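# Fold and contact review
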Amino acid sequence: MTTLSKEQIEGLAEHLESAQLQCFDVTKITDEHPAMDFEDAYAVQKVIQQRKLERGDQLIGYKMGLTSRAKMEQMGVDSPVYGFLMSSFEVQESSAVPVSRFIHPRVEAEIAFVLKDELSGPGCTVAKVLSATDFVMPSIEIIDSRYRDFKFDLTSVIADNASSSAFVTGSTVVPVAGLDLGTVGVVLEINGEVVEVGAGAAVLGHPANSIAQLVNMLAETGESLPAGSLVLSGAITAALPVKAGDCATVRAHGMGSATVRFV
Ligand code: 0L1
Ligand code: MG
């Protein structure tokens, strides 16, 4: 049940999207709206998405966030969150992205899924996700909370599109058949130095489980994942801050790599 009026939801969406577009930080919105709930927060997120669609941007998929046990425990929650991805968030592999586009960017190593079939819930499973997947790619998510010093609660971060900002995918597309995405090893390098290592199972036991949970969460509002959707399944490593001059690379065993430079 939402607690905020339509006007309040639209006002908060404008507030958070302005912070994103003009690169300024804000305090968490629950300071002013302590009673707001997850439904209000996803309603704010949806209005941000609609504002972007109205300006001609395209919805290309979703991202899952807070998908590791460690991050969920840190936030005191037992379920992940999702955000949407627009085509304007995509950064070409091996290209340079200006840090002036962000407030305080951090990079995470992830596995991206691209679907060949629609997925709808409830009742979506790992097997259904794997059979609907066209291919997977290593990816780098660049998160950029609009909240000062990344200080927020779960409700505030959902409204802020789960800190979505930009992402890069590798240029090699790999079919899932023959890959064990739970045990696949992933390395995050910054400036050629290995700074984080992990395995796919860091993401809710298996990255495809994260996609299944997304589909089941979307079903609660009558939405599904159309064929062609791109989904970032969640961080395999910790999120690390980056600055101008840094180069981040994610390598995933048998899947190639994704690289981005910050200028
Ligand atoms: O992609 C993520 O796991 C981040 C979700 C939002 C929380 C954060 O900004 O750290
Ligand atoms: Mg992420």
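Structure shown above.
Quick caveat, the model's predicted, so the values are computed rather than measured. (Residues numbered from 1 in each chain as written. Chains lettered and ligands numbered in written order. Predicted model: local features only at pLDDT ≥ 70, side-chain atom pairs only at ≥ 80, totals over all residues. Heavy atoms only, no water.)

## Points about the sheet that holds strand β7 (residues 185-190)
What the five strands build is an open sheet, ordered β3-β12-β11-β7-β8; its pairing is mixed. Of all the strands in the sheet, just β3 (96-97) and β8 (193-199) have a single pairing partner and so form its edges. Inspection of the sheet shows strand β11 (residues 247-252) paired to strand β12 (residues 256-262) by six bridges, in the antiparallel sense. The partner of A248 across the bridge, within β12, is V260. (Pairing = 2+ DSSP bridges. Helix = DSSP H or I, 4+ residues; strand = E, 2+ residues; numbered from the N terminus.)

## As for empty space enclosed by the protein
All told, the structure shown has one cavity of 30 Å³ or more when counted by the stated rule. Estimated volume of the largest cavity: approximately 70 Å³. Taken together, L16, E17, Q20, I48, K52, F89, R146, A159, D160, N161 and S164 make up the lining of the largest cavity. At the level of elements, α1 (6-22) and α2 (38-54) are the ones that each hand at least two residues to the lining of the largest cavity. When residues of the lining of the largest cavity are assigned to their parent elements, the largest contribution, three residues, is made by α1. (1 Å grid on protein atoms, 1.4 Å probe; cavity = no way out; pocket = protein on both sides within 12 Å on 5 of 7 lines; lining within 4 Å. Points joined across faces, edges and corners; volume = space filled by probe spheres on them.)

## Description of the environment of V242
Within the secondary structure, V242 is located in the loop between β10 (240-241) and β11. Taking the relative accessible area as the measure of exposure, V242 reaches 9% and is therefore buried. (Buried < 20%, exposed > 50% of the residue type's maximum accessible area, 1.4 Å probe, protein only.)

## Side note on helix α6 (residues 207-219)
Over its 13 residues, α6 extends 19 Å from the first C-alpha to the last, a length consistent with the 18 Å expected when each residue adds 1.5 Å. For α6, the buried fraction is high: 10 of the 13 residues fall into the buried class. Of the positions making up α6, those classed as buried are P207, A208, S210, I211, A212, L214, V215, M217, L218 and A219. On its buried side, α6 packs onto α2, β1 (59-65), β2 (81-86), β4 (106-115), α4 (126-132) and β9 (230-232). (Expected span 1.5 Å × (residues − 1). Contact = heavy atoms within 4.5 Å.)

## Digging into the side chain of Q20
Of note, Q20 is situated in helix α1. A polar contact of 2.7 Å, which involves the side chain of Q20, links it to the side chain of K52. Apart from residues no more than four positions distant in its own chain, Q20 is found in contact with K52, F89 and R146. (Polar contact = N/O pair within 3.5 Å; in protein donor to acceptor, adjacent residues only side chain to side chain.)

## Here we look at the site of ligand 1
Taken together, K63, G65, L66, K71, E108, E141, I143, F150, F152, V157, A162 and S163 make up the full set of residues near ligand 1. L66 places a main-chain nitrogen or oxygen 3.1 Å from an oxygen atom of ligand 1. A distance of 3.1 Å is found between an oxygen atom of ligand 1 and a side-chain nitrogen or oxygen belonging to E141. Expressed as a share of its isolated accessible area of 300 Å², the protein-covered part of ligand 1 is 97%. Most atoms of ligand 1, that is more than half of them, are within 2 Å of grid points of the largest pocket. Secondary structure elements with two or more residues in the shell around ligand 1: β1 and β5 (133-143). (Near = heavy atom within 4 Å. Areas by Shrake-Rupley, 256 points an atom, 1.4 Å probe, with all protein chains shown as cover. Sits in = over half its atoms within 2 Å of the grid points.)

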